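So the chains spell out like this:
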Amino acid sequence: MTFIDSPLSQTIALAGGDLHVAVARSDLPLGALCGFASRRNPKRPFLFVSKVLGRHLPVRPQVMRMVHRRLAAKLPADLPGPVVAIGMAETAICLGQGVFEAWRGGSGREDGLFIHSTRYRLRQGLLSTFEESHSHATSHLIHQPAAAEDRALCAACRTLVLVDDEASTGATFVALVEANRQAMPNLAQIVCVTITDWMGAAKRAEIMAAMPVPTTFVSLLEGGYTFEPRQVTPPAMPNVTGDGAFKDDLIPVNWGRLGLRRPRPLPAAALAIRVKAGERVLVLGTGEFVFPPFQLARRLSAMGADVRVQATTRSPILEGGDIDGVIDFADAYGDGIPNFLYSTRPGDYDRVLVCYETPPSTAQTALIAALGAEPVFFNAIGDLRT
């Protein structure tokens, strides 16, 4: 990977071409927020790799919490209510809930609901579906909230807060709003939240004009990009689309897919974990199950351990650039698709905790063996969907 020019204007040589980025505004340095890599995806062969998200790279929970708070501070406390915040699967689920929690705590508001999109079907009815055209798995589902009062809140929603890790074209935000417009007839305002916003001023204005109600964008960085592809044979993209079966038996607890006013408490299995001061610990979420592992990581960090947070993913990425090492293994949701862990190698930590919302029978033995990890199962608290 080659950087040219200055910290505000760089060219990154990737497997499929050259990515040119320019920073217009940034609360934190580009190098602290973002790196770059190559996707195994011919539709979009480049990837902005967040260094503060806790997904493709390990991150201290304190850094993630700082990002949540910084973004939440950009949201007005007096947003027209009710407020519905949607985190985008799978990458921005923890980010979305973290921002929502920081905003709710800072504002003291009780008329808000967090929900995240998902790629897993449940028997609960759907609020909407939408497509993320450039993604490795394009279809997103948003289920109806489980509680009647939360369904009523959604129907009365006046402010919709959409959270994603980055924005490059804004098309996903437009698709998400269009999908939910009929279900939210009172919608009066939209806020799009990202860590990095690469749309550029002209595209951002175009997206704002396409929205049905006044829309604002908040981020920690604004910039623009261009990509110049090279004539190379694109790497094969593995099939990471699920089987479409109902997953209720594998996902017995609502951790956010069916709407939450507040985070669920951690189960006894997680609360019982103890760590030593200075112990190097990785808390690893799995797929869409990411916010409760983040909560666990914060708890263990408070005990004095040197903790990092990361998560497995179905996103196929080439090694190189800011991706240093790839471990692949079967998913934990019965789809028979590959999942991946990036930039973490055996021996990097004294202890690795792999966190599951699915039953013990789904434990990813290849991953656990490769890292010498301990599985932690969060589903033992029973069916708390309602």
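Here the residue numbers are simple positions, counted from 1 along each chain's written sequence. Predicted model: local features are reported for residues with pLDDT of at least 70 only, side-chain atom pairs are reported and counted for 80 or more only, and whole-chain, interface and lining totals are derived from all residues. In computing side-chain values, all of the structure's heavy atoms are included and hydrogens and water are not.

(A) Local environment of helix 4 (residues 148–155). Every buried residue belonging to helix 4 is among Asp150, Leu153 and Cys154, and all of these are buried. Along the axis of helix 4, the buried residues cluster in a sector spanning 100°; they form a single face. Where the residues of helix 4 are buried, they touch strand 5 (83–87), strand 6 (112–116) and strand 7 (126–131). For every residue, the accessible area (1.4 Å probe, protein chains only) is compared with the maximum for its type, and the residue is labelled buried under 20%, exposed over 50%, or partly exposed between those bounds. Where helices and strands are cited, they refer to DSSP runs of H or I of at least four residues and of E of at least two residues respectively, numbered from the N terminus. What the arc describes is the spread of directions from the helix axis to the C-beta atoms. Residue contacts are counted whenever heavy atoms from the two residues lie within 4.5 Å of one another.

(B) Local environment of the pairing of strand 1 (residues 9–14). When DSSP finds at least two bridges between two strands, those strands are taken to pair. The pairing of strand 1 with strand 2 (residues 17–26) spans 6 bridges and is antiparallel. The residue bridging Ala13 from the neighbouring strand is Asp18, located in strand 2. Hairpin remark: strand 1 followed by strand 2, antiparallel, with 2 residues in the connecting loop.

(C) Focus on the nonpolar core. Formed by 66 residues in total, the largest nonpolar core has its most connected members in Leu19, Val84, Leu95, Leu160, Val161, Leu162 and Ile195. Apart from residues lying up to four places away in sequence, Leu95 is in contact with Leu53, Val67, His68, Leu71, Val163, Asp164, Asp165 and Ile195. To form a nonpolar core, buried Ala, Val, Leu, Ile, Met, Phe, Trp, Tyr and Cys residues must be joined to one another through side-chain atoms within 4.5 Å. Met64, Phe289, Leu367 and Ala373 belong to the second largest nonpolar core, which has 47 residues in total.

(D) Seen up close, the sheet that holds strand 10 (residues 166–167). Pairing is mixed in the open sheet, where 5 strands are placed in the order 1-2-14-12-10. Across the chains shown, the open sheet's two edge strands, defined by having one partner strand only, are strand 1 and strand 10.

(E) Region of interest: the environment of Leu176. Relative to the elements of secondary structure, Leu176 occurs in helix 5 (residues 171–180). With 64 residues separating them along the chain, Leu176 and Gly112 place their C-alpha atoms 18 Å apart. Among residues more than four places away in sequence, those in contact with Leu176 are Ile86, Met88, Phe130, Ile142 and Leu162.

(F) Examining unusual backbone geometry more closely. Cis geometry marks the peptide bond from Gly81 to Pro82; its omega dihedral reads 0°. Of note, Pro82 is situated in the loop between helix 2 (61–73) and strand 5. Along the chain, Ala89 connects to Glu90 via a cis peptide bond; the corresponding omega equals -10°. By the secondary structure assignment, Glu90 is in the loop between strand 5 and helix 3 (93–107). Phi at Ser343 takes a positive value of approximately 60°, unusual for a residue other than glycine. In this fold, Ser343 is placed in the loop between strand 18 (338–342) and strand 19 (351–356).

Geometric descriptors of this kind do not, in isolation, establish any biological role.
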